[in-house]
Amino acid sequence: MYVEVEFHDTADGAKWIIENTKTIGEAICKGVCNYFGVTYKSDSATLSGTLYRVQVGAFKEKSNAESCLQKAKNAGFSDAFIVEV
């Protein structure tokens, strides 16, 4: 399942996603539980430790995105990909 929550191609949109991941995740989970008729149970444990996120580039020209992707793959990142929005 892939759920679009917000476009992350703007600083404000990305910031909102980052600051609301728990709320977003819980809302999605509640919706899935509701659809399948399952009782939602909140997670009492919180995520601990450090979380690292990496995004390499955002390009207006597809050729620039493809060039960056190829550089990433040449560097050994075999599961790098392009998302078109």
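Now for a look at the structure at hand. (Residues numbered from 1 in each chain as written. Predicted model: local features only at pLDDT ≥ 70, side-chain atom pairs only at ≥ 80, totals over all residues. Heavy atoms only, no water.)

The secondary structure content of the protein amounts to three helices and zero strands. Ordered by position in the sequence, the α and β elements of the protein form the string α-α-α. Its C-alpha atoms give the protein a radius of gyration of 17 Å, more than 25% over the compact-globule value 12 Å for 85 residues. Residues classed as buried in the protein amount to 8% of the 85 residues present. Counting only contacts in the protein whose residues sit at least 6 apart along the sequence, the fraction spanning at least 24 positions is 20%. (Helix = DSSP H or I, 4+ residues; strand = E, 2+ residues; numbered from the N terminus. Rg over C-alpha atoms; globule rule 2.2 N^0.38 Å. Buried < 20%, exposed > 50% of the residue type's maximum accessible area, 1.4 Å probe, protein only. Contact = heavy atoms within 4.5 Å.)

Moving on to empty space enclosed by the protein. Where empty space is left can be seen by rolling a probe of water-molecule size over the atoms. Summed over all chains, the structure comprises one cavity of 30 Å³ or more. Estimates place the volume of the largest cavity at around 30 Å³. By residue class, the composition of the lining of the largest cavity is four nonpolar, one polar and two charged. (1 Å grid on protein atoms, 1.4 Å probe; cavity = no way out; pocket = protein on both sides within 12 Å on 5 of 7 lines; lining within 4 Å. Points joined across faces, edges and corners; volume = space filled by probe spheres on them. Nonpolar A, V, L, I, M, F, W, Y, C, P; charged D, E, K, R; others polar.)

Let us look at a nonpolar patch on the surface. A cluster of nonpolar side chains, Met-1, Val-3, Val-5 and Trp-16, forms an exposed patch at the surface whose accessible area comes to about 420 Å². Mapping Trp-16 onto the fold places it in helix 1 (residues 11-19). (Patch = residues over 30% accessible without salt bridge, like charges linked within 9 Å, V, L, I, M, F, W, Y side chains within 5 Å. Areas by Shrake-Rupley, 256 points an atom, 1.4 Å probe, with all protein chains shown as cover. Salt bridge = Lys/Arg side-chain N within 4 Å of Asp/Glu carboxyl O.)

A separate point is the layout of surface pockets. Roughly 1500 Å³ of internal volume is contained in the largest pocket. Every residue lining the largest pocket is counted, 35 residues in all, and those nearest its centre are His-8, Gln-55, Gly-57, Phe-81 and Val-83. When residues of the lining of the largest pocket are traced back to their parent elements, those giving at least two are helix 1, helix 2 (21-36) and helix 3 (62-74). When residues of the lining of the largest pocket are assigned to their parent elements, the largest contribution, five residues, is made by helix 3. Taken together, the residues of the lining of the largest pocket sort by class into 21 nonpolar, five polar and nine charged.

As for its placement among the helices and strands, Thr-39 is situated in the loop between helix 2 and helix 3. We classify Thr-39 as exposed; its relative accessible area is 63%. Along the primary structure Thr-39 and Asn-74 are separated by 35 residues, whereas in three dimensions their C-alpha atoms are 47 Å apart.

For the coordinates displayed, the defined rule picks out two salt bridges. Put simply, Lys-22 and Glu-26 hold a salt bridge, and the shortest N to O gap is 3.2 Å. In this pair, Lys-22 and Glu-26 are both assigned in helix 2, four residues apart and thus about one turn of the helix distant. What makes Lys-22 partly exposed here is its relative accessible area of 48%.

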